[in-house]
Amino acid sequence: MVKALTEEEKLHKLVEAVFQDSDNDVTVAFKVTKSQSAWGALSRSTSKPRVLAITCKRSPTTQKFKVTLHVLKYSSSGFQARIVVRAKLYKMKHLSRVEVVPSDSTGCTFVLGFDNLKIQNVAPPQWTMRNVDERNRFLTTVIRLCKENLGRIPKIVGMDVVEMALWEQAHSDTAATPSGTATADGVDQTDLKVTVERELVSKAEEDDMEALLGTYVMGLDEAEAFSERLKRELLALEAANVHAILESDPLVEEVLRRLNNASEAVEDMDEWLGIFNVKLRHMREDIESIESRNNMLEMQVQNNAALVAELNKLLERLHVPPQYATLLTSGAFDESRMPQNVDACDWLAGAIRGMEPPLMDPAYVNMRAVKDKRGELEKLKSTFVRRASEFLRSYFSNLVDFMISDKTYFSQRGQLKRPDHADLRFKCRTYARLLQHLKGLDKNSLGPLRKAYCQSLNLLLRREAREFANELRASTKVLRSSAVWMDNAVAGGGTTGSMGDTSTVSDAYAKMLRIFVPLLVDESAFFASFMCYEVLPLAPPRAGDEKSGDDEDDTPLDLDGADAKPTEQNAAEMEALNQALQELLDGIQEDFYAVVDWAYKVDPLRCISMQGTTERYLSSHKADAAGFVRRLLADLQARISNQFSKFLDEVCHQIEKHDRNVRQTGVLSYVPRFASLASRMEGLVQGMSRDMVDLAYTRLVGTMFSVLERIAQNDPKYADVLLLENYASFQNSMFDLANMVPTLARFYQQASEAYEQACTRYVNSIINMQFEKLFQFGQRVENLLYTITPEEVPFQLGVSKNELRKVVKASLSGVERSLQAMYKKMQKTLVSEELLPNLWDKCKVDFIDKYESLEALLQKCYPSETLSPSSTEMKELFKTV
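Starting from 1, residues in each chain are numbered consecutively following that chain's sequence as written. Local features in a predicted model are, by the rule used here, given only for residues with pLDDT of at least 70; side-chain atom pairs are given and counted only at 80 or more, and totals for whole chains, interfaces and linings are based on all residues. Hydrogens and water molecules were not included; the side-chain quantities draw on all heavy atoms of the structure.

Participant: Quick question: what am I supposed to make of the pairing of strand β1 (residues 25–36) here?
Facilitator: Working note: regular strand, side chains alternate between the two faces of the sheet. Burial within β1 is extensive, with 9 of its 12 residues counted as buried. Pairing between β1 and strand β8 (residues 125–129): 5 bridges, direction antiparallel. Opposite V32, over in β8, you have M129 as the bridge partner. Exposed residues in this analysis have more than 50% of their type's maximum accessible area, buried residues have under 20%, and partly exposed residues fall in between, with area computed by a 1.4 Å probe over protein chains only. Secondary structure elements are taken from DSSP: a helix is a run of H or I of four residues or more, a strand is a run of E of two residues or more, and numbering for both begins at the N terminus. For two strands to count as paired, DSSP must find a minimum of two bridges between them.

Participant: Just checking my understanding: could you explain the nonpolar core for this structure?
Facilitator: General note: in soluble globular proteins, nonpolar side chains tend to be found buried as a group. The nonpolar core is taken to be a set of buried Ala, Val, Leu, Ile, Met, Phe, Trp, Tyr and Cys residues, with the residues joined through side-chain atoms within 4.5 Å. If you look at the biggest cluster of nonpolar residues, it comprises 176 residues, and the most contacted ones within it are L434, Y453, F527, F644, F674, F730 and M874. How far each domain reaches was decided by an automatic or database domain assignment. Residues lining this core come from more than one domain, with at least three contributed by each of domain 2 (322–475) and domain 3 (772–880). Residues count as neighbours in contact if any of their non-hydrogen atoms are within 4.5 Å of one another. Those residues in contact with F527, other than ones at most four positions away along the chain, are R450, Y453, C454, Y533, L577, A580, L581 and L584. With 29 residues, the next largest nonpolar core counts I54, V98, C108 and W127 among its residues.

Participant: Looking at this structure, I do not really get the packing of helix α10 (residues 322–330) against helix α11 (residues 338–354). What am I missing?
Facilitator: When two helices pack together, you describe them by how their axes are tilted relative to each other and by the distance separating the axes. As a packed pair, α10 and α11 sit with axes 9 Å apart at the nearest point and diverge in direction by 105°. When the axis of α10 is compared with that of α11, the two are roughly perpendicular. Of the residues in α11, those in contact with Y324, L327 and L328 of α10 are Q340, N341, D343, A344, W347 and L348. Here the nonpolar group is Ala, Val, Leu, Ile, Met, Phe, Trp, Tyr, Cys and Pro; Asp, Glu, Lys and Arg are the charged ones; every other residue, Gly included, is treated as polar. In terms of residue class, the contact of α10 with α11 is made up of 6 nonpolar, 2 polar and 1 charged. The convention used is that axes are lines fitted to C-alpha atoms, helices contributing only their stretch in contact, and that angles between N-to-C directions extend from 0 to 180 degrees. What sets the label is the angle itself: under 35 degrees gives roughly parallel, over 145 gives roughly antiparallel, 65 to 115 gives roughly perpendicular, and the rest give oblique.

Participant: Could you clarify how one ought to interpret the confidence of the model for the protein chain in this entry?
Facilitator: Here pLDDT means the predictor's own confidence in every residue, given as a number from 0 to 100. Summary statistics for the protein chain give a mean pLDDT of 78 and a share of 81% for residues scoring 70 or more. Contacts from residues 488–498, a stretch scored under 50 in pLDDT, to residues over four places away or in other chains number 23 contacts. Low pLDDT (under 50) marks residues 539–569, which in the prediction has 66 contacts with non-local residues, meaning those over four places away or in another chain.

Participant: Help me understand the pattern of salt bridges, please; the structure alone is not making it clear to me.
Facilitator: Close approach of charged atoms allows side chains with opposite charge to pair. Basic side-chain nitrogens of Lys or Arg form a salt bridge, by our definition, when they fall within 4 Å of a carboxyl oxygen of Asp or Glu. Taken as a whole and assessed by the stated rule, the structure comprises 21 salt bridges. Here R680 makes a salt bridge to D603, at a shortest N to O gap of 2.8 Å. Placement of the pair is R680 in helix α22 (residues 670–684) and D603 in the loop between α19 (589–602) and α20 (606–620), with a sequence separation of 77 residues. Residue class for R680 comes out partly exposed when judged on its relative accessible area of 23%. Note that K875 is salt-bridged to E852, the shortest N-O span being 3.3 Å. Linking K875 in helix α29 (residues 871–879) with E852 in helix α28 (residues 836–861), this pair joins segments that are 23 residues apart in sequence. E852 sits in the partly exposed class, given a relative accessible area of 31%. Ionic contacts of the salt-bridge type, sharing partners, join the residues E254, R257 and R258 into one network.

Participant: Hey, could you run me through a negative patch on the surface in this one?
Facilitator: Residues enter patches when their relative accessible area tops 30% and they take part in no salt bridge; the joining distance is 9 Å for like charges and 5 Å for the nonpolar side chains Val, Leu, Ile, Met, Phe, Trp and Tyr. Method for areas: the Shrake-Rupley scheme with a 1.4 Å probe, in which residue coverage is limited to the protein chains shown. Charge counting treats Lys and Arg as positive and Asp and Glu as negative, with His and both chain ends excluded. Think of each charge as sitting on NZ of Lys, CZ of Arg, CG of Asp or CD of Glu. A surface patch of like charges, here negative, comprises E264, E267, D268, D270 and E271. As for its placement among the helices and strands, D268 is situated in helix α9 (residues 249–318). For D268, a relative accessible area of 46% corresponds to the partly exposed category.

The following block contains the structure:
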C-alpha cells in the first residue's frame, strides 16, 4: 500500500508540473488506457497509455469552480498536455453520460459522453482503469464535483449506484482527495469531503431506496444476509433443473441411440471419402504430368513460331530488292530518273543503318549472314557513290562549259548584261537530294564534288565579272582630269585646272558592287546549302542591295519538305566552307581592282566616294556567315585607300616643290588651290569615308604649313610678311568649310594663331624701324626700376636727363615724317593690299600702347621732363597719315 501511494504521489507531482504555469489546480490524476470502439463494445486493438487529470479553477464571479478534464500523454520528459480542441480538454459542464462497457468483465472500462462533441457519429474513446477502486474513486470524484459546482450529475449507465455509495462509505478516507492533492486557491480540503448521502442521493431518495430494499429483502437489512439468501435460492433453482433433466431419461436414451447411428454413418462416409481422396490424388498427379508435358509442347511451338517469324523478318531485312540493286549499280542519273535514284538511296541508307545496333539486335550483328549482307551493302554503297560522284563532276563541268560557250550570257559591246544564274541553280537543285544522300552514305565523297563545283563555277563567275567590268569602263563617258593639283605651273592661280564631271566613275563602281556583291552572297549561300554544309544560314542581301537576277530563295535547302532550321555553329565546318568559297570566288577581285584603278586614273578624288560606297556594303554584310565577301570588300577598301594615299603623296610632292632657294612673295599658289581641293573633297564625302578625308586634311595641311615655314626661313627679312599673307589667305578661303568640318576648324585655329604671331612681329619691326632708340631707352629705365627707386633713375649712367633729352629729340623731331615712312614701308612690303588697313590699325594700336606706357614711365622717373608730342597729340597725328 505504501508503494501504491508513493506511485500516486509521483504521478500527482508530474501532473502538477505540467500545470505549474497556469491557474488550474490538480484535484486527482489516474493512469488509464485509451481505446476506440463503438458504444458498449470493448476494443484493445489500439490501446494507448494516457493520464486523466481533473483540475479546478475558481470563477471570480460565482465563487464556484470551473472543472476541466485533461488528457495527458507520455513523453520523454514526463507528460505533455494536449491543449487542442475536442477530446483533449473536456469541460465538466458538458459531461452528460457515464457508461461502463458491459463487455469488460472487470468493470474497469467506461465511456464519458459529452454533449458538445461536433461529430456524434464517432464513438468517444474508452478509458480503462487499472482496478475497480481507481474507477470508483474517479467516478465518485466526477459526480461529486458536478453536483457541487453544476447542480446536476451525469447519467450513470451500467453501474449500481447503491454499490458505489457503499464503496465510498467504506473508503471515505481516500475517496475525497488523495494524499498530497493540491486544490484551487482558497479552497479548503474539508469543503471537498462529503458523506455518501450528501454526495450521491438526497434524503428523499434515501428514504425511497430503504423502503424498496425493505420490501425486496423481506425484512433483511444487511447486504451480506441478502447476498447469502440469493446464493441459496440459486442453488435450489439449479437442483430443480437437474431433477427435471433426470426425469427425462427415456428421451435421452432415444437421443443417444440416434446419435450412435449417426456416428456410424459418419464413419462410413469418412471411409468412402478417404477412398475417393486417394483416387482423386492419383488423378490430380496424372493431370499435372499431362499439363506439364502439354505446356512444354506449347512453349516449344511458340518458340518455334517466334523463331520462324524473327528469321523471316531478318531475311526481309537482308533481302536486296532487284530494282534497287539495278539502280544502284547501273542506273542512269537523268533528271527523270532522279526520284527512283533517291528512293534507292533511301532504301540503301535505311538498310545500312538497320544492320547496326540499336536497330538490329546485338545478338545478330556477328552472324555470318548479317556480316555477308553488310559487306554486300557496302559494295553497293561504294559503287553508287563512285558512279554518282563521277556523273556530278561531269555534269557541273558540262553545264558551265555550255553557259560559257553561249555569249548571250555575258555583257557585250554596247550592252551590259546582269549575270543570271536562275537556270543554273534550278538544274543543280534537281540533284540536291542526291548530294544529301551522298553525304549520308559517304561524307568524304563531298570533298571532290565541292572542289569540282568550285572550279567550274569559278570560271563562269570570272568570265562574267571580266566582261561586265570591261563593258562598264567602255560604256562610261568621262573626261580625263587634266588638273594640276598643287603645282606652281600657274603662279598665284586659284583654280585646279580643267575638271569635268566625273560622277559617272563613282556610279560605275557602285553599279559594279550593286550587281556583283549580292550575286556573290547568293552564290555563297546557295553553295553552302547545296553542298550540305552544317552551318548557320548565310545572311540574305540587305535592304538596298539588288538581286542578281535570281528571284528564288537561296536559303539552305529543306530536303525533307519541312522548313530548314539553323543548326549549331560548327567551327571546323565553317572553316571548310570559307576555304571552298575562296576557291569558288578567287580571281574575281582582280576585275574589281581594275575598276578601282580605272576610276583613280580618271579622277583620284573619286576614291572618297568609292570608299564610302565600299564601307556601306561592308557594314551591311558584317553578319554574313561566310567571310569571302567581307574579305573582298575589305581588300577593295584597302586598294582604294592605297590609291588615295598615292594621290596624297603626289599632292604633297607638288606642295614641296614650292620650297626652292628663291625669294617668294605674296600668297603661295597651293593655298587657294587647297581650298578648291577641299571643297571638292567635301562634296564627295559619304558615310565612313569621313575618316579618310580627315586624315588627308591632316597630311596636306601639315605639309602646307611646314613648307610655308621653310620658305619663310629662306628670307628672314620678309618672313613675317610671307607668313601673315599666306595664313590670312588660308583663313579667308577656308572660313566656310571650317564652320562645317571639325578637322579643318582645328587647322583654321592653328593658322589664326600663326597669323597673329606673324602680325605682331611684323608690326614691331615697322615701329622699331623709326622709334627703336626711344623704346629701348624706356626698356632700360624699366629694368632699373627692379633694383632702385624712381628718384635714383636720373642719376644712373646712360639714363640721365641729358640722355633722355637727346633720345627724345632724335626720335620725335619730325614725327609726322616718321609715321608717313612707317605707312609707306608697310604699303611697299605687303603684296596683299587688302591686309594693309587691318595691319595699319594694329600698328597704330600697338604704337599708342607703347607710347602711353613710356610716357607714364618717364613721368614717374623724370617728373620735370615731358614728352612732346604727348600721347593724345600722337593719336591726332596718326589720323593725318
